[in-house]
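Given next are the chains, with one letter for each unit.
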Amino acid sequence: INKANMALSTLQNSSSHYTQYHNNVLRQLATESELIQAFHNALHNDELTLAFQPQIDCSTNEITGVEVFSRWYSKALQKSISPQIFIPLAEKHHLIRRLSIWLLHSLFSYINSWLKSRLPAPRFAINLSSLNLHDPVFIKQFFQLMKSYNIPANILQIEITEHISLELFSDGDNPLEAMRNHGISIAIDDFGTGYSSLTYLKYLPIDTIKIDRTFIKSLPASQSDLALSKAIIDIGKEFDLKVVAEGVETVEQLNLLKLHGCYQIQGYLFSKPLSVDELFEFVDRWSSHDHP
Ligand code: C2E
Ligand code: CA
Ligand code: CA
Ligand code: CA
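Residues numbered from 1 in each chain as written. Chains lettered and ligands numbered in written order. Predicted model: local features only at pLDDT ≥ 70, side-chain atom pairs only at ≥ 80, totals over all residues. Heavy atoms only, no water.

- In the annotation of an unreviewed UniProt entry, the chain is listed under the name GGDEF domain-containing protein and assigned to Kangiella profundi.

Written as structure tokens, this is what we have:
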């Protein structure tokens, strides 16, 4: 674990480039105030949609989960804006609760009709901002919406990043604990890229860790990324957690991950994020074929 922790810490400084990147992209798109105005309208005008990326268990060849993403095509700006731009923007301008509530409405009504019309449904993994988890009003609405759309808890997974403050949860009022007690599973996203990864394993009710795409990207060539991926897989085994590899694009990457005992795979190799209709087709096609 110590070795793994040291290895993980070498990657922790990479996020300092983010702000610069973010600002540059922002400048190319529109001014921040134009963008926030457009995003405000998007929340009213049906410009947001959902995208779904299947997660495959390569030991059983089943679709075990689907990660849910937000998509925004701005009519005013006449282009798609990446969630890497509009999520931080929504966080900064206090719109992240509304964005996540919008997502829950759309997703839950979708799941609701899926469960009525066909079975079985995969598990849906929702990305929540750390701000959502620290927002008691949001948490309350989350549970209310689950109830009103009749969503079984075991069909949901929450993906969190390592930016939540552990202190806020030490008073026994941990929303993740509450979700977990309902039967919702919890995943740590981008495991190893943030801070205090291993402390999170100790204090949070985690089921799953996700190997970040930045580790997978340069496999099989990079020895250090291979070492990191193996370390994360071993941590998973040690703590009895599921390990999902994301951003898997090639058969070589897949085989390497399988070789080291990671069978839960998400990435372009199997599927890009899909629209509602495309997801139905994918699930249909997948269940009617044999897979190697
Ligand atoms: P993430 O949660 O780490 O999601 C993985 C990102 O990698 C997604 O980008 C996905 O489309 C992309 N991806 C998946 N497989 C591959 C692959 O094989 N190759 C490559 N090159 N890329 C792959 P996306 O959809 O642009 O989302 C970016 C980030 O924005 C997400 O990172 C997540 O942190 C955030 N995000 C997206 N939707 C939401 C949302 O509804 N709520 C919140 N809070 N965050 C969101
Ligand atoms: Ca995620
Ligand atoms: Ca991720
Ligand atoms: Ca990521």
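## Looking at the side chain of Asn112
Part 1 of the argument: One can find Asn112 in helix H5 (residues 96–117).
Part 2 of the argument: Aside from chain neighbours lying at most four places away, what touches Asn112 is Tyr149, Asn150 and Ile151. (Helix = DSSP H or I, 4+ residues; strand = E, 2+ residues; numbered from the N terminus. Contact = heavy atoms within 4.5 Å.)

## Here we look at the coordination of the calcium ion (ligand 4)
Part 1 of the argument: Around the calcium ion (ligand 4), the donor atoms from the protein are Asp190 (OD) and Asp190 (OD), and they sit 2.9 to 3.0 Å away.
Part 2 of the argument: The metal-metal distance between the calcium ion (ligand 4) and the calcium ion (ligand 3) is 3.5 Å, with Asp190 serving as a donor to both.
Part 3 of the argument: Among the secondary structure elements, Asp190 is positioned in strand E6 (residues 185–191). (Donors = N, O, S within 2.8 Å, 3.2 Å for Na, K, Ca; no water.)

## Some points on the coordination of the calcium ion (ligand 3)
Part 1 of the argument: Binding of the calcium ion (ligand 3) to the protein goes through Asp189 (OD), Asp190 (OD), Glu246 (OE) and Glu246 (OE), at separations of 2.2 to 2.4 Å.
Part 2 of the argument: Sequence positions of the residues that donate to the calcium ion (ligand 3) give the spacing D-D-x55-E.
Part 3 of the argument: The distance between the calcium ion (ligand 3) and the calcium ion (ligand 2) comes to 3.8 Å, and Asp189 binds to both of them.
Part 4 of the argument: For Asp190, a relative accessible area of 22% corresponds to the partly exposed category. (Buried < 20%, exposed > 50% of the residue type's maximum accessible area, 1.4 Å probe, protein only.)

## Quick notes on the packing of aromatic side chains
Part 1 of the argument: The tally for this structure, following the rule as stated, stands at 16 aromatic pairs.
Part 2 of the argument: Here the aromatic rings of Phe108 and Tyr149 are separated by 6.2 Å at their centres, their planes lie at 70°, and the arrangement is edge-to-face. Remark: Tyr149 occurs in the loop between helix H7 (136–148) and strand E5 (156–160) and Phe108 occurs in helix H5; sequence separation between them is 41 residues.
Part 3 of the argument: Taken together through their ring pairs, the aromatic side chains of Phe52, Tyr110, Trp114, Phe124 and Phe280 make up a single cluster. (Phe/Tyr/Trp six-rings, centres within 6.5 Å; stacked < 30°, edge-to-face > 60°.)

## Side note on empty space enclosed by the protein
Part 1 of the argument: Summed over the entire model, instances satisfying the criterion amount to one cavity of 30 Å³ or more.
Part 2 of the argument: Each pocket or cavity is described by its volume, and for the largest cavity that value is around 30 Å³.
Part 3 of the argument: Leu219, Leu226, Ser229, Lys230, Ile233, Leu256, Leu257 and His260 are the residues that line the largest cavity.
Part 4 of the argument: Counting only elements with at least two residues in the lining of the largest cavity, the list comes to helix H11 (223–238) and helix H12 (251–259).
Part 5 of the argument: Ranked by the residues each element gives to the lining of the largest cavity, the list is headed by H11, at four residues.
Part 6 of the argument: Looking at side-chain class alone, the lining of the largest cavity contains five nonpolar, two polar and one charged residues. (1 Å grid on protein atoms, 1.4 Å probe; cavity = no way out; pocket = protein on both sides within 12 Å on 5 of 7 lines; lining within 4 Å. Points joined across faces, edges and corners; volume = space filled by probe spheres on them. Nonpolar A, V, L, I, M, F, W, Y, C, P; charged D, E, K, R; others polar.)

## Examining the site of ligand 1
Part 1 of the argument: In the vicinity of ligand 1 lie 22 residues, with Ser70, Arg71, Asp189, Glu249 and Tyr268 positioned nearest.
Part 2 of the argument: Contact distances for ligand 1 include 3.2 Å between an oxygen atom and a side-chain N or O atom of Glu67.
Part 3 of the argument: At a separation of 3.2 Å, an oxygen atom of ligand 1 approaches a polar side-chain atom of Asn127.
Part 4 of the argument: Protein chains bury 85% of the 790 Å² of accessible surface belonging to ligand 1 in isolation.
Part 5 of the argument: Looking at the shell around ligand 1, the elements that each hand over two or more residues are strand E2 (62–74), helix H4 (83–92) and E6.
Part 6 of the argument: It is E2 that provides the largest number of residues to the shell around ligand 1, a total of four residues. (Near = heavy atom within 4 Å. Polar contact = N/O pair within 3.5 Å; in protein donor to acceptor, adjacent residues only side chain to side chain. Areas by Shrake-Rupley, 256 points an atom, 1.4 Å probe, with all protein chains shown as cover.)

## Re H4
In an α-helix there are 3.6 residues to a turn, and that puts residues three or four apart on one side.
Part 1 of the argument: Listing the buried residues of H4 in full gives Ile85, Phe86, Pro88, Leu89 and Ala90.
Part 2 of the argument: The N-cap of H4, judged by a side-chain oxygen 2.9 Å from the amide nitrogen of Gln84 a few residues on, is Ser82.

## Details of the confidence of the model for the chain
Part 1 of the argument: Mean pLDDT for the chain: 88, with 85% of residues reaching 70 or above.
Part 2 of the argument: Considering only residues more than four positions removed or in separate chains, one finds that residues 1–18, a stretch of pLDDT under 50, has 25 contacts.
Part 3 of the argument: Scored by ipTM, the complex comes to 0.98, with pTM at 0.91. (pLDDT = per-residue confidence, 0-100.)

## Brief notes about the pattern of salt bridges
Part 1 of the argument: One pass over the full model with this rule turns up six salt bridges.
Part 2 of the argument: Lys210 is the partner of Glu67 in a salt bridge, and the nearest nitrogen-oxygen pair spans 2.7 Å. Of this pair, Glu67 sits in strand E2 while Lys210 sits in strand E7 (residues 208–211), placing them 143 residues apart in sequence. The same class applies to Glu67 and to Lys210, which are both buried. (Salt bridge = Lys/Arg side-chain N within 4 Å of Asp/Glu carboxyl O.)

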